[in-house]
Amino acid sequence: MPLTKDPRPPPQVPFPWMLPSLFAAFNVVLLVVFSGLFFAFPCRWLAQNGEWAFPIITGLLFVLTFFSLVSLNFSDPGILHRGSSEHGPMMVHVVWVNHRAFRLQWCQKCCFHRPPRTYHCPWCNICVEDFDHHCKWVNNCIGHRNFRFFMLLVLSLCLYSGVVLATCLVFLVRTTHLPFSLDKAIAIVVAVPASGFLVPLFLLLLIQAMSVSAAERSYEGKCQYLQGYNPFDLGCARNWYLTICAPLGPKYMAKAVWLQRVVGPHWAPMQTLHSPTCPSALGSSALPVYGPGTQFQSPSLYKPGEGPPGSGEAAALQEVRKCLRLMEVESCADSEPCVGAAAQNLSPPQHLRAPLFL
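Right, let's walk through the structure included here. These numbers come from a predicted model, not from an experiment.

Another aspect to go through is the overall build of the protein chain. When helices and strands are counted, the protein chain shows eight helices and eight strands. Every one of the 358 residues in the protein chain was classed for burial, and the buried ones make up 40%. The contacts in the protein chain between residues at least 6 apart in sequence include a share of 65% that link residues at least 24 apart.

Our focus in this paragraph is the packing of helix α4 (residues 147–174) against helix α5 (residues 182–213). At their nearest, the axes of α4 and α5 sit 7 Å apart, and the two run at 145 degrees to each other. The two elements α4 and α5 meet at a crossing, and its hand is left-handed. Partitioned by chemical class, the residues of the contact of α4 with α5 number 24 nonpolar, four polar and two charged.

Further remarks concern the side chain of Asp-183. Structurally, the position occupied by Asp-183 is in helix α5. With relative accessibility at 14%, the residue Asp-183 sits in the buried group. Side-chain polar atoms of Asp-183 contact the side chain of Arg-44, separated by 3.3 Å. Apart from residues lying up to four places away in sequence, Asp-183 is in contact with Phe-41, Arg-44, Trp-45 and Phe-171.

Attention shifts here to the pattern of salt bridges. Applying the stated criterion across every chain, the model contains four salt bridges. Its salt-bridge partner being Arg-174, residue Glu-51 comes within 2.9 Å of it at the nearest N-O pair. Here Glu-51 is found in the loop between α2 (42–48) and α3 (53–73), whereas its partner Arg-174 is found in helix α4, with 123 residues between them in sequence. With a relative accessible area of 24%, Glu-51 lands in the partly exposed category. For Arg-174, a relative accessible area of 38% corresponds to the partly exposed category. As a salt-bridge pair, Asp-130 and Arg-217 come within 2.8 Å of each other at their nearest N and O atoms. In this pair, Asp-130 is assigned in the loop between β6 (126–128) and β7 (133–135) and Arg-217 in the loop between α5 and α6 (236–245), connecting sequence segments 87 residues apart.

Further remarks concern the environment of Asn-125. Mapped onto the fold, Asn-125 is located in the loop between β5 (119–121) and β6. Residue classification places Asn-125 among the partly exposed residues on the basis of a relative accessible area of 32%. Along the backbone, Asn-125 and Cys-110 are 15 residues apart, and their C-alpha atoms lie at a distance of 8.6 Å.

Turning our attention to the packing of aromatic side chains. Here a ring pair, both rings aromatic, is described through the centre-centre distance and the interplanar angle of the planes. As enumerated under the stated definition, the model contains 11 aromatic pairs in all. With a centroid separation of 5.0 Å and 35 degrees between ring planes, the pair formed by Tyr-119 and Phe-131 is classed as tilted. In this pair, Tyr-119 sits in strand β5 while Phe-131 sits in the loop between β6 and β7, placing the two residues 12 residues apart along the sequence. Assessed through its relative accessible area of 33%, Tyr-119 is described here as partly exposed. Taken together, a centroid distance of 6.2 Å and an interplanar angle of 45 degrees make the contact between Phe-147 and Phe-150 tilted. Linking Phe-147 with Phe-150, this pair stays in helix α4, spanning three residues, or about one helical turn.

Turning our eyes to something else, we now look at the layout of surface pockets. For the largest pocket, the calculated volume is near 730 Å³. For the largest pocket, the lining is made up of 27 residues, of which Leu-31, Trp-137, Leu-157, Phe-197 and Leu-201 are closest to its centre. Elements supplying a minimum of two residues to the lining of the largest pocket: α1 (18–40), α3, β7, α4 and α5. Considering only residue class, the lining of the largest pocket consists of 22 nonpolar, five polar and no charged.

Here we come to the nonpolar core. Counting 31 residues, the largest nonpolar core has Val-164 and Cys-168 as its most contacted members. Those elements giving two or more residues to this core turn out to be α1, α2, α3, α4 and α5. Ranked by residues supplied to this core, first place goes to α4 with 10 residues. Filtering out sequence-adjacent residues up to four positions away, Val-164 remains in contact with Phe-38, Val-190 and Ala-194. In terms of nonpolar packing, the next biggest core, distinct from the first, is built from six residues, Ile-79, Cys-121, Val-128 and Cys-141 among them.

Structurally, Arg-145 is set in the loop between β8 (140–142) and α4. In this structure the C-alpha to C-alpha distance between Arg-145 and Gly-78, which are 67 residues apart in sequence, comes to 5.1 Å. With residues near it in sequence (within four places) discarded, Arg-145 still touches Asp-76, Pro-77, Gly-78, Leu-248, Gly-249, Pro-250 and Lys-251.

With that settled, the discussion passes to unusual backbone geometry. Backbone geometry places Asn-98, a non-glycine residue, at a positive phi of 50 degrees. Structurally, Asn-98 is set in the loop between β1 (94–96) and β2 (101–103). Take Asn-98: its relative accessible area is 17%, and that puts it in the buried class. With a phi angle near 65 degrees, His-99 is a residue other than glycine that sits in the positive phi range.

Rules used in this analysis
Residues numbered from 1 in each chain as written. Predicted model: local features only at pLDDT ≥ 70, side-chain atom pairs only at ≥ 80, totals over all residues. Heavy atoms only, no water. Helix = DSSP H or I, 4+ residues; strand = E, 2+ residues; numbered from the N terminus. Buried < 20%, exposed > 50% of the residue type's maximum accessible area, 1.4 Å probe, protein only. Contact = heavy atoms within 4.5 Å. Axes fitted to C-alpha atoms, helices over the stretch in contact; angles between N-to-C directions. Left-handed = near helix turned anticlockwise from the far one by under 90°. Nonpolar A, V, L, I, M, F, W, Y, C, P; charged D, E, K, R; others polar. Polar contact = N/O pair within 3.5 Å; in protein donor to acceptor, adjacent residues only side chain to side chain. Salt bridge = Lys/Arg side-chain N within 4 Å of Asp/Glu carboxyl O. Phe/Tyr/Trp six-rings, centres within 6.5 Å; stacked < 30°, edge-to-face > 60°. 1 Å grid on protein atoms, 1.4 Å probe; cavity = no way out; pocket = protein on both sides within 12 Å on 5 of 7 lines; lining within 4 Å. Points joined across faces, edges and corners; volume = space filled by probe spheres on them. Core = buried A, V, L, I, M, F, W, Y, C linked by side-chain atoms within 4.5 Å.

What follows is the structure in structure tokens.
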């Protein structure tokens, strides 16, 4: 028998997360260093000469900016758990959002059908609900759960840069009669990057405000929806409320939280819920066990189109229907006509036989 040499595994870069993490940490340090120079030299001179409004306003904006930056670095963008109970890539799932049918795409890396507007981030290797983009400045994805922190960060940075630039200009104007000193040099050093970041931050804030008003996302193209109709657009005021003020809901990565869970003592959680691999075949032990006292939440509580865009209602609705179908099939597994009737009920209804938008 001829001997064959095993192929070498592809070379792996050690610690691929280190450089993006160091870059995000460098941005935090850069903000602290420039703010320290600003408060120690030009702002101190203005405070000593009775101009207390400048240090108070800039101090409050610095605290807000630093808080939003750190919160965005360690926030959960809306990560969806990996693994699937029994469905595979050949299964077809269709959900409706404001009279538009969407076919759920299968994620080969996370092994589940992604809800609408869910995207697999190639940098973080996770599926994020209501994905907007991956921000390399904070080394984190921007999604459903941290988009409001991102908007707060952009707004606070824009205001903070503008106030710092104005304060440095006021300091330079007030000290024109004085000789060149270290305070003036530090004011110029701080004013140059503040003016450089102000215009891009203002443009970014304007673009994000327009996207929120139209219920659009950065990674999506405007031609994705047929005839320019966006089914996620509920009006400008409603879109801003759902983005900034609406409750976020439970975290999907929390093991004790299930979007649609069976209420009863005989329910056993699936062991492969957080499995990073996609098994080709699952045994009966991987399926949930339903007892005689099991109760299900009514699917009428979840109406497509009424939940917030990207809030996971599509996945929740699919979970309810899956539980009901499993219960119906198991209750009449010994009867052939009943199984046939259950299979007939599993077929898509007439209103679901509509064109699908991928």
